[in-house]
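# Observations on the three-dimensional arrangement
Each chain, written out:
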Amino acid sequence: MAKSSNPEGKPGVRIVVAGDRGTGKSSLIVTAATETFPTNVLRLLPPTRLPEDFYPDHVPITIIDTSANPEDRGKLAEELKRADALVLTYACDQPETLNRLSTYWLPELRQLEVKVPVIVVGCKLDLRDDQQQVSLEQVMSPIMQQFREIETCIECSAYKHIQIPEVFYYAQKAVLHPTGPLFDQESQTLKPRCVRALKRIFILCDHDRDGALSDAELNDFQVKCFNAPLQPSEVVGVKRVVQDKMVEGVNERGLTLTGFLFLHALFIEKGRLETTWTVLRKFGYNNDIKLSDDLIPHSSVKRAPDQSVELTNEAIEYLRGIYELFDGDLDNNLRPVEVEDVFSTAPNSPWNDVPYKDAAEKTALGGLSLDAFLSEWALMTLLDPARSLENLIYIGYPGDPSSAIRVTKRRRLDRKKQQSERNVFQCFVFGPAKSGKSVLINSFLGRPYSDMYSPTVDDRYAVNVVELPGGIKKTLVLREIPEDGVAKLLSSKDSLAVCDIAVFVHDSSDESSWKRATELLVDVAGHGEDTGYEVPCLIVAAKDDLDPFPTAIQDSTRVSQDMGIEAPIPISSKLSDFNNIFRRIVNAAEPPHLSIPETEAGRSRKQYHRLINRSLMFVSVGAAVAIVGLAAYRVYAARKNASN
């Protein structure tokens, strides 16, 4: 199979040669570059460049010689840290230099945190004592077990020109076609991310979706990756190799995924890593086995602070199809293992970590309903549109990626036009500790009430579908802000730009809870007025099953009337009496110009601007009257002169 040319556009490979003095470093370099063994060699060579066409990958190599003298240790460390690969030498006729690899050189590389492939090279093979013939595998196996960064071991002789070009070929190959991302040396298996990438490639090449690559599909794959078709006899040969070792690798329809993965493991075991890397790079993967940045349309995700990103109907319909495909028993319950299977062609499952982990409602069987599945996608698209697009591509979205998302209108414009076309609303949930914020969010996710108090330390997200009258569905995202995180949130000018509505929760039986919630409301409303990102607000009186504090009604009436917002909404999570709170949140967010609180400072500011504008208007009218009078006088004067 053909090898890739200049993978990832690598401008060159920098190989540093290090080792004890007298191990043959300089002779190795000169012989590789000139194909002649030097009779006299400099103590330290200048950088040596091998031409671009020296090896098949057509990537130029720069070789750096180093000194092992103690006084040059600083310069050595600097060069080691700049290396793409290291050639570490010992002398075959000096066993103590071999021991120094594990006692000094390899630990030193770890100490310096040099994390590049290492090629161990035994020089002066021609000088080794014939009485001490030991296989390279016997010598190096213990060291390689201890130091996994060693990519290859090789013995050579500059004097007799034995395996000199191979030394730097292996070093270059270790950089351009590294083993680490593909293969686990200990278990002798493909690494999970490599398996995921190859599975995606297999699915993309399985055009008829029958779970196997037919002879024609296998040939198309070969042409795409290596620009050369397979002869019929070669196809038969490939399948026979697989079938001999793994019966399930081939069936009557062709090469199965199991067989496809086995082939790549075989290539790697035989040292043909360039074959697997060529395949990965042809399908857009980089050295981290992730899709290259140029395949993810990040530019289409640019937006103003008060714009958000949503999935288009086209993307939602595709995801519905994915859900049905993986919900094998069609019970509207995508089990955790099935969710993992959905993302089995991505580098990892994006929902295993916060903020997505446990952010959606679970079914009684611990899975995701279709609504919950789409809600998780809506949350990921809202918080990290590029990641959402990336994962859509990984799971096989067939259209133009930019057609999968849309950037909403600016919230400021929505408020001016008094309407919103959003399908996903983000609600910030504020409130003092023990006010009932977390219980409210748990109830949003269908979780049972619990008396156990567990303080929220970091921001927490919850997402679900809210059904409105007429069967209309909107997605609501609740973001719980811990009390001690409010000051940090409001320290940023744009912090409320992404918010569609804010909810302030207080314990209706606790006057201090009410006062703190009111302070938070004033702080948030004032920040909105100062920055121009005002948000509609609702007050939620939680724990309605308890007796209210004595002045609760008059205090709440006064505050809501003074600020021009709705009276507090009573709820009781304990009694499962939520007073349609989630529907009311969406209803308050949809007309974005209503329910916006007004602080005293904001009201004074508006009155001041109104006064200034009125004064300017009077000045303007007075000036206009004066101008009209002057014009009238001139007309009158002109007529008078004409009559005379």
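Model, not experiment: these values are computed from the prediction. (Residues numbered from 1 in each chain as written. Predicted model: local features only at pLDDT ≥ 70, side-chain atom pairs only at ≥ 80, totals over all residues. Heavy atoms only, no water.)

## Considering the overall build of the protein chain
Regarding its fold elements, the protein chain presents 21 helices and 19 strands. Scaling as 2.2 N^0.38, a compact globule of 644 residues should have a C-alpha radius of gyration of about 26 Å, whereas the protein chain reaches 35 Å, well beyond that. Each of the three principal axes of the protein chain carries a C-alpha extent, and together these read 120 × 85 × 55 Å. Counting across all 644 residues of the protein chain, residues that qualify as buried make up 48%. The long-range fraction of contacts in the protein chain, counting pairs at least 24 apart against all pairs at least 6 apart in sequence, stands at 72%. For the protein chain, the exposed area adds up to about 31900 Å²; of that, 52% sits on carbon and sulfur atoms. Within the protein chain, one finds 75 positive and 89 negative side-chain charges whose respective centroids are separated by 7 Å. (Helix = DSSP H or I, 4+ residues; strand = E, 2+ residues; numbered from the N terminus. Rg over C-alpha atoms; globule rule 2.2 N^0.38 Å. Buried < 20%, exposed > 50% of the residue type's maximum accessible area, 1.4 Å probe, protein only. Contact = heavy atoms within 4.5 Å. Areas by Shrake-Rupley, 256 points an atom, 1.4 Å probe, with all protein chains shown as cover. Lys, Arg positive; Asp, Glu negative; His and termini not counted. Charge placed at Lys NZ, Arg CZ, Asp CG, Glu CD.)

## Considerations on unusual backbone geometry
Cis geometry marks the peptide bond from Val-354 to Pro-355, where omega comes out at 5°. Among the secondary structure elements, Pro-355 is positioned in the loop between helix 12 (336–342) and helix 13 (370–383). Residue Arg-209 is not a glycine yet carries a positive backbone phi of 55°. Examined against the element boundaries, Arg-209 turns out to sit in the loop between helix 6 (192–205) and strand 9 (212–213).

## Section: the sheet that holds strand 4 (residues 85–91)
Overall, mixed pairing links the six strands, which are arranged 2-3-1-4-5-6 in an open sheet. Where the open sheet ends on each side, the last strands, each with one partner, are strand 2 (48–50) and strand 6 (150–155). The sheet shows a mean angle of 25° between the axes of neighbouring strands, direction not considered. Relative to strand 3 (residues 61–65), strand 1 (residues 13–19) runs parallel, the two being bridged by five bridges. Of the residues in strand 3, the one forming a bridge with Val-16 is Ile-64. Across the sheet, helix 3 (residues 95–111) touches strand 1, strand 4, strand 5 (118–123) and strand 6, and the angle it forms with strand 4 is around 150°. Across the face of the sheet, helix 4 (residues 136–146) comes into contact with strand 4, strand 5 and strand 6 while running at roughly 155° to strand 6. (Pairing = 2+ DSSP bridges. Axes fitted to C-alpha atoms, helices over the stretch in contact; angles between N-to-C directions.)

## So, the state of the cysteines
Using the criterion set out here, one finds zero disulfides in the structure. Unpaired in this structure, Cys-123 has its nearest cysteine sulfur neighbour in Cys-156, at a distance of 4.2 Å. (Disulfide = S-S within 2.5 Å.)

## Considering the UniProt feature "domain: Miro" (unreviewed entry) in the protein chain
The sites that UniProt annotates as "domain: Miro" (unreviewed entry) are residues 10–177 and 422–591. In this annotation, residues 422–591 is assigned 32% helix and 22% strand; the end-to-end C-alpha distance for the span is 11 Å. (UniProt positions renumbered as here; feature names shortened; annotations may be inferred.)

## Describing the side chain of Asp-65
Turning to its location among the elements, Asp-65 is positioned in strand 3. No salt bridge is formed by the buried Asp-65; the nearest opposite charge belongs to Lys-25, separated by 5.4 Å. Within the structure, the side chain of Asp-65 is placed 3.0 Å from the backbone nitrogen of Leu-45, a separation counted as a polar contact. Ignoring anything within four residues of it in the chain, the contact list for Asp-65 reads Val-17, Lys-25, Ser-26, Ile-29, Arg-43, Leu-44 and Leu-45. (Salt bridge = Lys/Arg side-chain N within 4 Å of Asp/Glu carboxyl O. Polar contact = N/O pair within 3.5 Å; in protein donor to acceptor, adjacent residues only side chain to side chain.)

## A closer look at helix 20 (residues 581–589)
For helix 20, the full list of buried residues reads Ile-581, Phe-582, Ile-585, Val-586, Ala-588 and Ala-589. Around the axis of helix 20, the buried residues are gathered within 165° of arc, so they sit on the same side. (Arc of directions from axis to C-beta.)

## Some thoughts on the nonpolar core
Membership of the largest hydrophobic core comes to 75 residues, with the highest contact counts inside it found for Ile-201, Phe-373 and Trp-377. For this core, the element with the most residues is helix 13, which contributes nine residues. In contact with Phe-373, not counting residues within four places along its chain, are Leu-319, Ile-322, Tyr-323, Leu-334, Val-342, Trp-351 and Leu-368. Ranked by size, the runner-up nonpolar core spans 29 residues in total, among them Val-59, Ile-61, Cys-156 and Phe-168. (Core = buried A, V, L, I, M, F, W, Y, C linked by side-chain atoms within 4.5 Å.)

## Here's the deal with the environment of Leu-546
For Leu-546, the location among the structural elements is in the loop between strand 18 (537–542) and helix 19 (552–563). Expressed as a C-alpha distance, the spacing of Leu-546 and Asp-507, which sit 39 residues apart in the sequence, is 9.1 Å.

## A few points about the sheet that holds strand 18
Backbone hydrogen bonds are what pair the strands of a sheet, in a parallel or an antiparallel way. Spatially, the six strands line up as an open sheet ordered 15-16-14-17-18-19, and their pairing is mixed. With one partner strand each, in any of the chains shown, strand 15 (460–467) and strand 19 (569–570) form the two edges of the open sheet. Direction of pairing for strand 14 (residues 424–430) relative to strand 16 (residues 473–480): parallel, over a ladder of six bridges. Bridging across to strand 16, Phe-428 finds its partner in Arg-479. Along the sheet face, helix 13 touches strand 14, strand 15 and strand 16 and points at about 125° away from the line of strand 15. Relative to strand 15, helix 16 (residues 437–444) is tilted by about 45°, and along the sheet it contacts strand 14, strand 15, strand 16 and strand 17 (501–507).

## Details of the pattern of salt bridges
All told, the structure shown has 30 salt bridges when counted by the stated rule. Notably, a salt bridge pairs Lys-75 with Glu-79, separated by 3.4 Å at the nearest N-O pair. Taken together, the residues Lys-75 and Glu-79, both in helix 2 (residues 73–82) and four residues apart, mark about one turn of the helix. In this structure Lys-75 comes out as partly exposed when scored by relative accessible area, which is 48%. For Glu-79, a relative accessible area of 8% gives the class buried.

## Digging into the packing of helix 5 (residues 164–176) against helix 10 (residues 273–282)
In the contact formed by helix 5 and helix 10, the axes pass within 10 Å of each other and the chain directions differ by 30°. By the criterion of interaxial angle, the relationship of helix 5 to helix 10 is roughly parallel. For the pair helix 5 and helix 10, the crossing hand works out as left-handed. Facing helix 5, whose interface residues are Tyr-169, Lys-173 and Leu-176, helix 10 presents Leu-273, Glu-274, Trp-277 and Arg-281. (Parallel < 35°, antiparallel > 145°, perpendicular 65-115°, else oblique. Left-handed = near helix turned anticlockwise from the far one by under 90°.)

## Thoughts on the environment of Thr-475
Within the fold, Thr-475 resides in strand 16. Linking Thr-475 and Trp-351, residues 124 residues apart in sequence, is a C-alpha distance of 18 Å. The residues touching Thr-475, leaving out its near neighbours within four places in the chain, are Ser-375, Ala-378, Asn-423, Val-424, Phe-425, Val-463, Asn-464 and Val-465.

## Some thoughts on the pairing of strand 15
With eight bridges connecting them, strand 15 and strand 16 associate as antiparallel partners. Across the sheet, Ala-462 pairs through a bridge with Leu-478, a residue of strand 16. In this structure, the hairpin formed by strand 15 and strand 16 is closed by a connection of five residues, where Gly-470 is found at a positive phi of approximately 90°.

## What to know about the packing of aromatic side chains
This model, assessed by the stated rule, comprises 17 aromatic pairs. Ring-pair connections join several aromatic residues into one group, and the members of that group are Tyr-323, Phe-343, Trp-351, Phe-373 and Trp-377. When the ring centre of Tyr-453 is taken as reference, the NZ or CZ atom of Lys-434 above it lies at 5.3 Å. Directly above the aromatic system of Phe-428 lies the positively charged group of Arg-479, at a separation of 4.8 Å from the ring centroid. (Phe/Tyr/Trp six-rings, centres within 6.5 Å; stacked < 30°, edge-to-face > 60°. Lys NZ or Arg CZ within 6 Å of the ring centre and 35° of its normal.)

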